[in-house]
Amino acid sequence: MDQRAPALKWQETSMQEMTGAEMVVQALRDNGVEHVFGYPGGAVLPIYDELFQQDDIQHILVRHEQGAGHAAEGYARSTGKVGVMLVTSGPGATNAVTALQDALMDSIPLVCISGQVPTALIGSDAFQECDTVGITRPCTKHNWLVRDISELPAALHQAFHIAQTGRPGPVVVDIPKDVQFAKGSYVSPQTAPRTSYHPRVEGDQEKIKQAIELMSTAERPVIYSGGGVVNAGPEASHLLRELVELTGFPITSTLMGLGAYPASGESWLGMLGMHGTYEANMAMHDCDVMLCIGARFDDRITGRLDAFSPNSRKIHIDIDPSSINKNVHVDIPIIGDAGRVMEDLVRLWRAGAKTEKKTLKPWWEQIEKWRGRNSLAYKPNNKVIMPQYAIQRLYELTKERDVYITTEVGQHQMWAAQHFGFEAPNRWMTSGGLGTMGYGLPAALGVQIAHPDALVIDIAGDASVLMTMQEMSAAVQHNAPIKIFILNNQYMGMVRQWQQLLHGNRLSHSYTEALPDFVKLAEAYGGHGIRCEKPDELDDAINEMIEVDKPVIFDCRVANLANCFPMIPSGKAHNEMLLPDEATDEAVANAIDSKGRSLV
Amino acid sequence: MNAQLKPTGSAYFITSETERSETRTLAVLVDNEPGVLARVIGLFSGRGYNIDSLTVSETEHERHLSRITIVTRGTPHVLEQIKHQLERIVPVHRVVDLTVTAHERGHDRPLERELALVKVSGNGDDRVEALRLADAFRAQVIDANTEHFIFEITGRISKVEQFIAIMQPLGLVEVCRTGVAAVNRGPEGM
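Residues numbered from 1 in each chain as written. Chains lettered and ligands numbered in written order. Predicted model: local features only at pLDDT ≥ 70, side-chain atom pairs only at ≥ 80, totals over all residues.

### Section: the overall build of chain B
So the rule is basically this: In this description a helix means any DSSP run of H or I spanning at least four residues, a strand means any run of E spanning at least two, and both kinds are numbered starting from the N terminus. As a reference, a globule follows 2.2 Å times the number of residues to the power 0.38, and the radius of gyration itself is taken over C-alpha atoms. Any residue whose C-beta has 12 or fewer other C-beta atoms within 10 Å is treated as exposed, any with 20 or more as buried, and any in between as partly exposed, C-beta atoms being built from the backbone. Remark: residues whose backbone-derived C-beta atoms lie within 7 Å of one another are considered to be in contact.
Counting its secondary structure elements, chain B contains 5 helices and 8 strands. Helices and strands appear in chain B in the N-to-C order β-α-β-β-α-β-α-β-α-β-β-α-β. Its C-alpha atoms give chain B a radius of gyration of 21 Å, clearly above 16 Å, the size a compact globule of 190 residues would have. In terms of overall dimensions, chain B has a C-alpha envelope of 70 × 45 × 35 Å along the principal axes. Within chain B, the fraction of its 190 residues that count as buried is 27%. Taking contacts inside chain B between residues at least 6 apart in sequence as the whole, the part at least 24 apart equals 72%.

Below is the structure:
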């Protein structure tokens, strides 16, 4: 490809007269956008008319705007590029809100272009009018209502800049219909960002030196990494692996950070947190030095805060200053890009600091004891499919392939995180912060559009998947052969698990009666349906799913009452985990005390 | 390693905050664009922070910069969060904790002034007393007839509060306050 081509294109288009709708399409081109997920409507018709008359940008029609948002998130998360969605005014914008908040909490770069009623009608309760910037203000990193054509090019370019720099996030540009028709001068993306926005990416060298000094004296260190490492790009994951290799430190990761360090790596402890492994959580509790990279001490991670890692000194690397000392007090805060700071750490560590392998030996011996506890164990069963077994088989039968995994939210999500081995970043798309049921199916669509030849699997639950099932229709339309692997236990499993823990096993509305026949449903959409009920038939069924070259719904009937362990019950500390072999009915019923009951 | 790196207990959750609340005055320099005040106020309400007083006006017309002065209360941990959360807002240029700056420069607090318009109506002794007290507080009469006075008073919050309290039994009918404007002493800018 000719490297000069884009630059020439910019010059060609700079200061060109065009309509607002033309500007939108040109700005998408100039910002490197190839795919847009959207749904048309009255207030965005001029933009859709422009999309119709060009071939550079492919539009993916979804079936609901929430689906467009999650598809754009999956697209962004699996490529490192900005995901783009296009929605109409009123209900189009309000339907996008869940996806915007999801992207905000998981730091996913997203640009949402929404239509608005003409400026003259704003405030008159016009048809399909809503205060889009008002509604989306708290669920975006930034947003604009562009009232004048002269402001449109800058707003569009800034939207892309803000969405993908610093801590990434969603941005909304709301464009009234008359502005889409108005003519103005288009300007190319400006390199100079606005003066009030300048995220810090380089870490403070003095702090980094202190961190190295502290790390080199550690006897019981642990690295706790998060989604920030994935967001910092593939090089950051590479540096993380190098840092682990150099220091010999054990490493655990949040749900969002899986894959940055390979699950097959020697120093890997597994995921930490509420449903993390025993060894990861015990190492966090007993460590003397904690190195947190691109994670935010979320409540799913820390458990009871006043008992969180009580004897450690903590180093926290984060690009967002507001993440520092928000939940947990840290000793050495380093504000900067995870990749840049790790580059400094690796360089300084190489230059001098050394841990004697024998210094860490007792710590590793302790970790081996915890590992021996085998906290992810479950009782095998040759009559019914155990959900953990289903994930393990799915992993074994797909690991040699170019595979991407998305999930919905609930027990299946945790089992996927525990039992599927992620070897590389950007391969795991899940709703971590907001916990959005219905995320996985449209996210898989977005991933498949970005990687047409890859194997994209949505590990789903029977309840979650119905929330955005309509996107099956979009997958069929766009020849996106996504595989929807449903762990069907006929319950909202995680809701039921909490009712068992907290509410005397009164299963209020967590049993889904009248589930659809998922095989027929797949066929009705024009996809392929598979049902599997026996463990010994599972491998063949999974292989069939992989081979079919169209969207598949796989109804995997699993043990209905299996629960997700290990678990740190609400209000408990890392060293008070409920392990699978201890989780008797009585232990489950009494796991959470009165103080923990009000927590989520 | 220096002394500050001793092991720390982490605690802001189940155990109630043990740190004491403090009052701080923040100066926030923002681009004067639509919605910027809503972003600031929304941040405070959304995250459950306190606003005791809020004042806003464009201060640099050519650069379209507004200065928002916020008086807020919270524990040191919450106050640190407020500052960082404000700095995350895209059109926010700078957030300066004027109270902290004042302490650094050896002062007790920044210079803070508030203006209030106070309407008092009545006659007889109360009216004479109101006028006498207004004089003592250096409040100016900006409107009057035989039935009422409107006083303009400028000063620290405590002085304004005290004046209003004193006027209460003397026929106070209406008060309007501007909120606090604040700068720090000395030749340096913020």
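There is more to say, and it comes next.
### Description of helix 21 (residues 493–502) of chain A
Residue and element names in this part refer to chain A. For clarity, the threshold we go by: Taking the helix axis as origin, the arc is that swept by the directions to the C-beta atoms.
Regarding helix 21, the residues found buried are Gly493, Met494, Arg496, Gln497, Gln500 and Leu501. Buried positions in helix 21, seen along its axis, are confined to an arc of 160° and lie on one side of it. The inward-facing, buried residues of helix 21 contact helix 17 (411–419), strand 17 (455–461) and helix 24 (585–589). Residue Gly504 follows helix 21 closely and has a positive phi angle near 60°.

### Digging into the sheet that holds strand 2 (residues 53–60) of chain B
All names here are of chain B. Rule in force here: Any two strands between which DSSP finds at least two bridges are classified as paired. A fitted line through C-alpha atoms serves as each axis, taken over the contacting stretch for helices, and the angle formed by two N-to-C directions is quoted from 0 to 180°.
With antiparallel pairing, the 4 strands of this open sheet are ordered in space as 2-3-1-4. Both edges of this open sheet fall to strand 2 and strand 4 (92–97), since each of them pairs with a single strand only. On average, each strand axis in the sheet is tilted by 20° relative to the strand beside it, whichever way the strands run. The sheet contact formed by strand 1 (residues 22–31) and strand 3 (residues 65–74) spans 10 bridges and is antiparallel. If you follow Val28 over to strand 3, its bridge partner there is Ile68. Against the sheet, helix 2 (residues 76–88) contacts strand 1, strand 3 and strand 4, and its axis sits at roughly 160° relative to strand 4.

### Quick notes on the pairing of strand 14 (residues 332–335) of chain A
Residue and element names in this part refer to chain A. Side chains Ile332 and Ile334 project from strand 14 onto one buried face, and the interleaved Pro333 and Ile335 project onto a second face that is buried too. Examined bridge by bridge, strand 13 (residues 313–318) and strand 14 share 4 bridges and lie parallel to one another. The residue bridging His316 from the neighbouring strand is Pro333, located in strand 14.

### Considerations on the interface of chain A and chain B
In many reports, interface size means the accessible area that the parts give up when they come together. Worth spelling out the cut-off: Three residue categories are used. Nonpolar comprises Ala, Val, Leu, Ile, Met, Phe, Trp, Tyr, Cys and Pro, charged comprises Asp, Glu, Lys and Arg, and polar comprises the others, including Gly.
Of the residues lining the interface, 30 residues belong to chain A; the matching set on chain B comes to 29 residues. When contributions to the side of chain A that touches chain B are tallied by element, the ones reaching two or more residues are strand 6 (142–145) and helix 9 (205–216) of chain A. Residues of the side of chain A that touches chain B, tallied by class, amount to 11 nonpolar, 10 polar and 9 charged.

### Considerations on the sheet that holds strand 12 (residues 289–293) of chain A
Sheet strands associate in pairs through backbone hydrogen bonding, adopting either a parallel or an antiparallel arrangement. Residue and element names in this part refer to chain A. Here 6 strands make up an open sheet; going across it, the order is 11-10-9-12-13-14 and the pairing parallel. The open sheet has two edge strands, strand 11 (268–271) and strand 14, and neither has a second partner. Averaged over all adjacent pairs, the angle separating strand axes in this sheet is 15°, with direction ignored. Sheet topology note: the strand 9 (residues 221–225)/strand 12 ladder contains 5 bridges and is parallel. By the bridge assignment for strand 12, Ser225 is matched with Ile293.

### Concerning unusual backbone geometry
Residues and elements named next belong to chain A. Of note, the bond from Phe565 into Pro566 is cis; its omega dihedral lies within 30 degrees of zero at 0°. Looking at the secondary structure, you find Pro566 in the loop between strand 20 (552–557) and helix 24. Backbone geometry at Ser107 places phi at a positive 55°, although glycine is not the residue there. If you trace the backbone, Ser107 turns up in the loop between helix 5 (91–105) and strand 5 (110–116). One non-glycine residue, Gln490, adopts positive backbone phi at about 65°. Locating Gln490 in the fold gives a position in the loop between strand 18 (483–488) and helix 21. Since 14 C-beta atoms lie within 10 Å of it, Gln490 is described here as partly exposed.

### Side note on the confidence of the model for chain B
All names here are of chain B. What counts here: pLDDT measures the predictor's confidence residue by residue and takes values from 0 up to 100.
Per-residue confidence for chain B gives a mean pLDDT of 91; residues scoring 70 or more make up 91%. Every residue in residues 1–15 is under pLDDT 50, and counting partners more than four places away or in other chains gives 30 contacts. With pTM at 0.93, the complex prediction returns an ipTM value of 0.90.

### Re helix 9 of chain A
All names here are of chain A. Heads up, the condition is: For a helix, the expected span equals 1.5 Å multiplied by the residue count minus one.
Compared with an ideal rise of 1.5 Å per residue, which puts 12 residues at 16 Å, helix 9 spans 17 Å between its outermost C-alpha atoms and is within 8% of the ideal. Along helix 9, the residues classified as buried are Ile208, Ala211, Ile212, Leu214 and Met215. Summarising the axial view, the buried residues of helix 9 lie within an arc of 165°, below the 170-degree limit, and thus occupy one face.

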